[in-house]
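Survey of secondary and tertiary structure
Below are the chains, spelled out letter by letter.
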Amino acid sequence: MSQEPYPVESHALSSLHATSQLIAHSRTELGRVISGQAEVIEEVLIAVLCQGHALLEGVPGIAKTLIVKALGRLLGLQFQRVQATPDLMPADILGTTMLRPGAGSEEGSFSFHAGPVFTDLLLVDEINRMPPRTQAALLECMEERQVTSDGVARQLPQWFTVFATQNPIDFEGTYPLPEAQLDRFLLKIKVRYPNADEERQMLERHHGTSVSLLDDAKIQPLTAELLEAARNEIRAIRVEADLYGYILDLVRRTREWPMLALGASPRAAICLLRVAQAFAAFEDRDYVIPDDVKRAVLPVLRHRILLKPEAELEGFDADRVLNDVVAAVAVPRR
């Protein structure tokens, strides 16, 4: 007996007012600065709205830093940038306790000088160039959203989000991120070259403008209330019971896949659920369908699996293996 296909409604729902407004405004405003990269823009927005962190991977000069800077202006959030180098120390990004001299005859006092992590959006450029000790210092920030110094826990802003970039070509003098830290990133976003039309548009925009295209664009920021409302709408996206099983089947299948030495963690299943909800909202639906889960698989799982050496020798990469996993797992139908 044949089963009915998973239901898909064709009309937009009115329960996603804030999200729809945020998406439309974001595409318009960021489109004035960024040529193409529509998928990347969508995924960095999802990272913020899901209160996760994102790893952007791409060759130099394809607007990774510009996208994050423009996003900060669009969302009306504080922005800080750290350029990773081999001599960067944990105190350089977290902050340190300093002796403040007193006035006149008064004695000096110690006070905490906050580092660049005390912001809303933190861009860590070339994260794989900072030493392991400094990479580890970000773990507490990313997971607990706090910094502990001298036994005192200091909370980070509620919208604290780390965007880290890395170059997939140049590995000399780098420190690959360990699996424990990679798992803290909600998404790994691959930033690719623009197509010919998009690159031509970029040239036309830069002709006759000042050095800073971002300043010339005068991006209109969103309100904090709209941002909060959009986040709440995404959290409320409906997920049917059979989709929980589908997400678990995908994640658990990676742990027994013959090409993989390491499969996805339980945290990966939670992230897959959250990002699928966001993709549903971006399609103006208040419920998740299997296609939302499939769409979330690559950005959520590609950095959480580890290929066996023989798989790499045969030319496999993470995306190809994950596509094979998705093809092998039955899609829920009712």
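Anyway, here's the lowdown on the structure attached to this text. (Residues numbered from 1 in each chain as written. Predicted model: local features only at pLDDT ≥ 70, side-chain atom pairs only at ≥ 80, totals over all residues. Heavy atoms only, no water.)

Regarding the pattern of salt bridges
Inspection of every chain in the model, using the stated rule, returns 19 salt bridges. As a salt-bridge pair, Lys188 and Glu57 come within 3.3 Å of each other at their nearest N and O atoms. Taken together, the positions of Lys188 in strand S9 (residues 187–190) and Glu57 in strand S1 (residues 54–57) put the pair 131 residues apart, joining distant regions of the chain. With its nearest N and O atoms 4.0 Å apart, the salt bridge here joins Asp286 to Arg238. Of the two residues, Asp286 is situated in the loop between helix H11 (266–282) and helix H12 (290–301) and Arg238 in the loop between helix H9 (224–235) and helix H10 (241–255); the sequence distance between them amounts to 48 residues. When its relative accessible area of 21% is taken as the criterion, Asp286 is described as partly exposed. Connected through salt bridges with shared partners, the residues Glu143, Asp183, Arg184, Arg267 and Arg304 form a single ionic network. (Salt bridge = Lys/Arg side-chain N within 4 Å of Asp/Glu carboxyl O. Helix = DSSP H or I, 4+ residues; strand = E, 2+ residues; numbered from the N terminus. Buried < 20%, exposed > 50% of the residue type's maximum accessible area, 1.4 Å probe, protein only.)

Section: the packing of aromatic side chains
Here the structure, examined in full by the defined rule, presents 1 aromatic pair. Ring centres 5.9 Å apart and planes at 70 degrees place the aromatic pair Phe112 and Phe118 in the edge-to-face group. Overall, Phe118 belongs to the partly exposed group, its relative accessible area being 21%. Positioned above the aromatic ring of Phe112 is the side chain of Arg154, whose terminal nitrogen or guanidinium carbon lies 4.0 Å from the ring centre. The ring centre of Trp159 lies 4.4 Å from the NZ or CZ of Arg231, which sits over that ring. (Phe/Tyr/Trp six-rings, centres within 6.5 Å; stacked < 30°, edge-to-face > 60°. Lys NZ or Arg CZ within 6 Å of the ring centre and 35° of its normal.)

Some remarks on the packing of helix H2 (residues 38–49) against H11
Where H2 meets H11, the closest approach of the two axes is 10 Å, and the angle between their N-to-C directions is 120 degrees. Regarding the angle of H2 to H11, the classification is oblique. For the element pair H2 and H11, the recorded crossing hand is right-handed. Across from Glu42, Glu43, Leu45, Ile46 and Leu49 in H2, the residues of H11 making contact are Val275, Ala278, Phe279 and Phe282. Residue composition of the contact of H2 with H11, by class: 7 nonpolar, no polar and 2 charged. (Axes fitted to C-alpha atoms, helices over the stretch in contact; angles between N-to-C directions. Parallel < 35°, antiparallel > 145°, perpendicular 65-115°, else oblique. Left-handed = near helix turned anticlockwise from the far one by under 90°. Contact = heavy atoms within 4.5 Å. Nonpolar A, V, L, I, M, F, W, Y, C, P; charged D, E, K, R; others polar.)

A short note on the environment of Val297
As for its position among the elements, Val297 is in helix H12. In this structure Val297 comes out as buried when scored by relative accessible area, which is 2%.

Here we look at the packing of H10 against helix H14 (residues 318–328)
Between H10 and H14, the shortest axis-to-axis distance is 10 Å and the interhelical angle comes to 130 degrees. The angle between H10 and H14 places the two elements in the oblique class. As H10 packs across H14, the resulting crossing turns out to be right-handed. Side by side, H10 and H14 meet where Tyr246, Leu250, Arg253 and Thr254 of the first sit next to Leu322, Val325, Val326 and Ala328 of the second. A breakdown of the residues in the contact of H10 with H14 according to their chemical character gives 6 nonpolar, 1 polar and 1 charged.

Thoughts on the side chain of Asp120
When you line up the elements, Asp120 lands in the loop between strand S4 (109–114) and strand S5 (121–125). Side-chain polar atoms of Asp120 contact the backbone nitrogen of Gln78, separated by 2.8 Å. Setting aside anything within four residues of it in sequence, one finds Asp120 in contact with Leu77, Gln78, Pro157, Trp159, Phe160 and Thr161. (Polar contact = N/O pair within 3.5 Å; in protein donor to acceptor, adjacent residues only side chain to side chain.)

Some thoughts on the nonpolar core
One finds Leu71, Leu75, Phe163, Leu187 and Leu272 to be the most contacted residues of the largest nonpolar core, which totals 80 residues. Among the elements that line this core, the one with the most residues is H11, at 11 residues. Setting aside chain neighbours within four positions, we find Leu71 in contact with Leu30, Val44, Leu45, Val48, Leu121 and Phe163. One finds Val82, Leu88, Leu94 and Ile127 within the second-largest nonpolar core, a separate group that totals 23 residues. (Core = buried A, V, L, I, M, F, W, Y, C linked by side-chain atoms within 4.5 Å.)

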